[in-house]
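# Coordinate inspection notes
Here's the letter readout for the chains.
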Amino acid sequence: MNAAIPTAQVREQLYRDMDRHHLTPLWEVLHALVPPSPKTPCVPALWKYEEVRPFLMRAGDAITAEEAVRRVLILENPSLRGQSCITQSLYAGLQLILPGEVAPSHRHTQSALRFIVEGRGAYTAVDGERTTMQPGDFIITPSWTWHDHGHEADEPVVWLDGLDIPMLRFFDAGFAQNDTSKSQQVTRPEGASFARYGHNMVPVRHDPPFGKTSPIFSYPYERSREALEQLERHGPVDAWDGFKLRYVNPLTGGWTMPTIGTFMQRLPAGFEGQGWRQTDGAVYSVVEGEGEVLITGERGESRYAFGPRDHFVVPSWHTARLSSRAGCVLFSFSDRPVHEALGIHREERLS
Ligand code: GTQ
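Presented here is an overview of the structure given in this document. What you are looking at is a predicted structure, and each value in this text was computed from that prediction instead of being measured.

Right, let's talk about the overall build of the protein chain for a bit. Per the secondary structure count, the protein chain includes 8 helices and 23 strands. Its C-alpha radius of gyration of 23 Å places the protein chain within 12% of the 20 Å reference for a compact globule of 351 residues. On the principal axes, the C-alpha backbone points of the protein chain span a range of 85 × 55 × 50 Å. Taken over 351 residues, the protein chain has a buried fraction of 49%.

Once that is clear, we can look at the nonpolar core. Membership of the largest hydrophobic core comes to 49 residues, with the highest contact counts inside it found for Leu-94, Phe-138, Met-264, Phe-331 and Phe-333. Trp-240, Phe-271, Trp-276 and Phe-306 belong to the second-largest nonpolar core, a separate cluster that totals 17 residues.

Every residue lining the ligand is accounted for by Arg-70, Val-72, Tyr-91, Gln-95, His-106, His-108, Arg-114, His-147, His-149, Asp-161 and Leu-163. Between Gln-95 and the ligand, the recorded distance is 3.5 Å, taken from a side-chain N or O atom to an oxygen atom. At 2.8 Å, a side-chain N or O of Arg-114 approaches an oxygen atom of the ligand. Compared with its free state, where it exposes 290 Å², the ligand has 89% of that area covered by protein. Looking at the shell around the ligand, the elements that each hand over two or more residues are strand 3 (91-97), strand 4 (102-108), strand 9 (147-151) and strand 10 (157-163). Split by residue class, the shell around the ligand holds 3 nonpolar, 5 polar and 3 charged.

Under the definition given, this model contains 11 aromatic pairs. Taking 5.8 Å as the distance between ring centres and 40° as the angle between the ring planes, the aromatic pair formed by Phe-138 and Phe-331 counts as tilted. Highlighted residues: Phe-138 in strand 8 (residues 138-141) and Phe-331 in strand 22 (residues 328-334), separated in sequence by 193 residues. When sorted by exposure, Phe-138 lands in the same class as Phe-331, which is buried. Here Tyr-284 and Phe-312 contribute two aromatic rings whose centre-to-centre distance is 4.7 Å and whose plane-to-plane angle is 5°, an arrangement assigned as stacked. Note that Tyr-284 is positioned in strand 17 (residues 282-289) and Phe-312 in strand 20 (residues 311-314), a separation of 28 residues in sequence. The same class applies to Tyr-284 and to Phe-312, which are both buried. Taken together through their ring pairs, the aromatic side chains of Phe-115, Phe-138, Tyr-219, Tyr-247 and Phe-331 make up a single cluster.

The method is simple in principle: a probe with the dimensions of a water molecule rolls over the atoms, and the space it marks as empty is what remains. When its volume is computed, the largest pocket comes out at roughly 800 Å³. Along the wall of the largest pocket there are 26 residues; nearest its centre are Thr-279, Ser-316, Asp-335, His-339 and Ile-344. Secondary-structure elements contributing two or more residues to the lining of the largest pocket are helix 5 (165-171) and helix 8 (336-342). For the lining of the largest pocket, the leading source of residues is helix 5, giving 5 residues. The residue makeup of the lining of the largest pocket, split by class, is 13 nonpolar, 9 polar and 4 charged. The calculated volume of the second largest pocket comes to roughly 470 Å³. Lining the second largest pocket we find 18 residues, and of these Asn-200, Tyr-219, Arg-223, Tyr-247 and Val-248 sit closest to its centre.

Moving on: empty space enclosed by the protein. The tally for this structure, following the rule as stated, stands at 1 cavity of 30 Å³ or more. In this structure, the largest cavity spans a volume of roughly 100 Å³. Lining the largest cavity are 16 residues, with Trp-276, Gln-278, Asp-280, Ala-282 and Tyr-284 sitting closest to its centre. Elements supplying a minimum of two residues to the lining of the largest cavity: strand 16 (276-278), strand 17 and strand 22. By residue number, the principal contributor to the lining of the largest cavity is strand 16, which donates 3 residues.

So, on to unusual backbone geometry. Residue Pro-236 is bonded to the preceding Gly-235 through a cis peptide linkage, with omega at -10°. Unlike most non-glycine residues, Asp-172 shows phi in positive territory, near 50°. Within the secondary structure, Asp-172 is located in the loop between helix 5 and strand 11 (176-178). By relative accessible area, which is 69% here, Asp-172 ends up exposed. A positive phi angle, near 75°, is found at Arg-309, a position not held by glycine. Looking at the secondary structure, you find Arg-309 in the loop between strand 19 (300-306) and strand 20.

Enumeration according to the criterion identifies 0 disulfides in this entry. Distance from the sulfur of Cys-42, which forms no disulfide, to the nearest cysteine sulfur (Cys-85) is 6.6 Å. Note on Cys-42: relative accessible area 2%, which makes it buried.

Residues Leu-26, Val-29, Leu-30, Leu-33 and Val-34 make up a contiguous nonpolar surface patch of about 460 Å² in total accessible area. Tracing the sequence through the fold places Leu-33 in helix 2 (residues 30-33). A relative accessible area of 58% means that Leu-33 is categorised as exposed.

So, how was this worked out
Residues numbered from 1 in each chain as written. Predicted model: local features only at pLDDT ≥ 70, side-chain atom pairs only at ≥ 80, totals over all residues. Heavy atoms only, no water. Helix = DSSP H or I, 4+ residues; strand = E, 2+ residues; numbered from the N terminus. Rg over C-alpha atoms; globule rule 2.2 N^0.38 Å. Buried < 20%, exposed > 50% of the residue type's maximum accessible area, 1.4 Å probe, protein only. Core = buried A, V, L, I, M, F, W, Y, C linked by side-chain atoms within 4.5 Å. Near = heavy atom within 4 Å. Polar contact = N/O pair within 3.5 Å; in protein donor to acceptor, adjacent residues only side chain to side chain. Areas by Shrake-Rupley, 256 points an atom, 1.4 Å probe, with all protein chains shown as cover. Nonpolar A, V, L, I, M, F, W, Y, C, P; charged D, E, K, R; others polar. Phe/Tyr/Trp six-rings, centres within 6.5 Å; stacked < 30°, edge-to-face > 60°. 1 Å grid on protein atoms, 1.4 Å probe; cavity = no way out; pocket = protein on both sides within 12 Å on 5 of 7 lines; lining within 4 Å. Points joined across faces, edges and corners; volume = space filled by probe spheres on them. Disulfide = S-S within 2.5 Å. Patch = residues over 30% accessible without salt bridge, like charges linked within 9 Å, V, L, I, M, F, W, Y side chains within 5 Å. Salt bridge = Lys/Arg side-chain N within 4 Å of Asp/Glu carboxyl O.

Right, here's the structure in full:
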């Protein structure tokens, strides 16, 4: 080693010489690769429905559901523009279907959830069964099942799409096919899957129809809301979450989808929540009522006032604090099933 040559120069020369061999020094990036705590590029964001809706309706004039295949405005994280994602692992969008339209049948390995935001009477068909959409319903399109959406009633219907698109892109595991017909054949009456699996009973002999995904593909709001109302009557309230329930796969007690966890919670009137943070970034859809969320990360603080049909995202390891003067109901989803499957989920509840 020649002590006269400054180390920096030796290093620079090394980096340049090995660069064309596709080699790079770990020690320059180690800290960023293995950070002491999650450093997400995502930022908190809020989409007010009154601002989004006019664009959705203009999209309704600009393109048909059939031509678009899916007429969706993607909710893009402001710091990840152009990447079609709301967190690094999750996709979210608002889909519009107008009376008389059909969004043609296809299938893909990406799992999807629909959370109905506005309007009623549209349907989604999954694996031969249709389900009619009502605001607040949580509907699943399991991986690799044929699905089409249609609308035979008389008002625009808008729903939140949540998909694991970025995750499948990360794993390079995405496949898709278009169906030969626009709308799939209906082979079972509406409600058939709910009758079999949705009443705390399941057929004695059955195979899980959708593999790792819940056999119930529509969870009606009426039921979720009733459960939350009863919880509120009985107490006690959780200081961080209010009253929060997780949607379950009745066959396993586990998550409804292998990649996405879904939740619904009620914040009672006067709720002033404590802060928490967790590794799974989460997307929220406001169902009813009004409230506030304070989200704190290393880059600062965001305070959002939200009302019905607004959407917001809490990125990984950001501290969130919910409050509501008049009370509200929130739907949310995250990639927690994956964190748990990998044994990397962490949560901190601050007091
Ligand atoms: O409804 O099948 O928002 O395939 C994005 C991709 C919706 C759907 C999206 C999709 C769909």
